[in-house]
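# Residue-level structure breakdown
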Amino acid sequence: MNIAVFASGKGTNLSAIIRQVKKGSLKVNIALMVTDNPKAPAISRARRAGVKVVIITPKDFPDKKSFEAEVIDQLKQNNVDLVVLAGFMLILGPNLISAYKDKIINIHPALLPSFKGASAIKDALDYGVKLTGVTVHFVDEKIDNGPIIMQEPVKIEEKDSLEILEKKIHRLEHKIYPKAIGLLAENRFKIENRKVVIL
Ligand code: GRF
């Protein structure tokens with residue numbers, strides 16, 4: 001299976017995926033890494049690992065539709081079967097989502113449907129929940145909404161600062177994202193209504 005990892009920032013999830021592929025425990029080919037941010041540290045992580053990088057910046061396109069047409073074109077040229085969002089900060093539009101229906105996944109640093117949005121770790125900490133976690137889910141046209149593939153909890157201790165909680169969440173993300181990708185690569189799932197059944 002050919003995957004494309006989309007990242008706008010640091011790229012620690014990208015590195016975790018690369019590590020498992022190199023170890024042979026995740027049997028996929030990382031066909032390319034796509035970013036909208038020419039300054040993303042994820043770019044050098046990809047290049048160091050020999051992963052092809054494609055930088056597509058929205059400001060070079062007149063509108064979202066043509067930006068997404070270029071993204072789709074790159075995915076097709078590279079025979080991508082699965083799009084893996086790993087800290088990709090743009091909201092995907094309907095053209096891309098329908099072109100890759102049930103073939104785009106995302107990782108979110110909270111237990112969805114709680115704490116949607118871009119500051120989920122801080123929001124959970126500030127709210128005072130005792131338990132948060134990580135969710136891997138399919139991407140549909142609504143934000144942080146699609147069918148849930150995998151979820152794991154993280155306990156929030158009273159002494160946890162934002163920094164500590166972020167560390168705990170990221171450590172868990174790096175474990176479960178490659179696992180979830182592996183399940184999809186082996187085709188060990190079906191979607192019934194909005195429930196993902198692992199086979
Ligand atoms: C992760 O926390 C992920 O849950 C969220 O964006 C962050 C990306 O981190 N969607 P990184 O760029 O992989 O380090």
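Residues numbered from 1 in each chain as written. Predicted model: local features only at pLDDT ≥ 70, side-chain atom pairs only at ≥ 80, totals over all residues. Heavy atoms only, no water.

Looking now at the domain arrangement of the protein. We note that the domain assignment places domain 1 (1-100) and domain 2 (107-137 + 148-199) within the protein. For domain 1 and domain 2, the distance between their C-alpha centres works out to 20 Å. With 14 residues of domain 1 at the interface, the matching set in domain 2 holds 10 residues. Here domain 1 and domain 2 share an interface that buries about 990 Å² over both sides, 73% of which is from carbon and sulfur atoms. Joining domain 1 to domain 2, the criterion identifies three residue pairs in polar contact (both at pLDDT 80 or more). Among the secondary structure elements, those contributing two or more residues to the side of domain 1 that touches domain 2 are α1 (12-23) and β4 (82-85). (Domains from an automatic or database assignment. Contact = heavy atoms within 4.5 Å. Buried area = accessible area lost by both parts, 1.4 Å probe. Polar contact = N/O pair within 3.5 Å; in protein donor to acceptor, adjacent residues only side chain to side chain. Helix = DSSP H or I, 4+ residues; strand = E, 2+ residues; numbered from the N terminus.)

So, on to the layout of surface pockets. Of the voids in this model, the largest pocket is the one considered here, and its volume is about 960 Å³. Surrounding the largest pocket, 39 residues form its lining, G87, F88, M89, I107 and P109 being those nearest its centre. Listing elements by their share of the lining of the largest pocket, those giving two or more residues are α1, β5 (104-108), α5 (120-127), β6 (131-138) and α6 (162-185). Looking at which element gives the most residues to the lining of the largest pocket, the answer is α6, with four residues. Taken together, the residues of the lining of the largest pocket break down into 18 nonpolar, 13 polar and eight charged. Residue assignment places the lining of the largest pocket across two domains, with domain 1 (1-100) and domain 2 (107-137 + 148-199) each supplying three or more. (1 Å grid on protein atoms, 1.4 Å probe; cavity = no way out; pocket = protein on both sides within 12 Å on 5 of 7 lines; lining within 4 Å. Points joined across faces, edges and corners; volume = space filled by probe spheres on them. Nonpolar A, V, L, I, M, F, W, Y, C, P; charged D, E, K, R; others polar.)

As a further point, take the packing of α1 against α6. Their axes nearest at 9 Å, the elements α1 and α6 cross at an angle of 55°. As far as their axial angle goes, α6 and α1 are oblique. Considering the relative orientation of α1 and α6, their crossing is right-handed. On α6, the residues touching T12, N13, A16, I17 and Q20 of α1 are E173, H174, Y177, P178 and I181. (Axes fitted to C-alpha atoms, helices over the stretch in contact; angles between N-to-C directions. Parallel < 35°, antiparallel > 145°, perpendicular 65-115°, else oblique. Left-handed = near helix turned anticlockwise from the far one by under 90°.)

Right, let's talk about the site of the ligand for a bit. Contacts to the ligand come from K10, G11, T12, N13, G87, I107, H108, P109, H170 and E173. Between an oxygen atom of the ligand and a main-chain N or O atom of K10, the distance comes to 3.5 Å. Between the ligand and G11 there is a distance of 2.8 Å, counted from an oxygen atom to a backbone nitrogen or oxygen. With the chains in place, 84% of the 370 Å² that the ligand exposes on its own is no longer accessible. With respect to the detected pockets, the ligand is housed in the largest pocket. When residues of the shell around the ligand are traced back to their parent elements, those giving at least two are α1, β5 and α6. Residue composition of the shell around the ligand, by class: two nonpolar, six polar and two charged. The residue makeup of the shell around the ligand includes at least three contributed by each of domain 1 (1-100) and domain 2 (107-137 + 148-199). (Near = heavy atom within 4 Å. Areas by Shrake-Rupley, 256 points an atom, 1.4 Å probe, with all protein chains shown as cover. Sits in = over half its atoms within 2 Å of the grid points.)

Glancing now at the UniProt feature "site: Raises pKa of active site His" (unreviewed entry) in the protein. The positions that UniProt labels "site: Raises pKa of active site His" (unreviewed entry) are, in the present scheme, D144. By relative accessible area, which is 12% here, D144 ends up buried. (UniProt positions renumbered as here; feature names shortened; annotations may be inferred. Buried < 20%, exposed > 50% of the residue type's maximum accessible area, 1.4 Å probe, protein only.)

What follows covers empty space enclosed by the protein. Within this structure, the stated rule accounts for one cavity of 30 Å³ or more. Empty space within the largest cavity amounts to approximately 40 Å³. Lining the largest cavity, in full, are K64, F67, E68, V71, F88, L90, I91, L92 and L96. Broken down by element, the residue count for the lining of the largest cavity peaks at four residues, all from helix α3 (residues 64-77). Classifying every residue of the lining of the largest cavity gives seven nonpolar, no polar and two charged.

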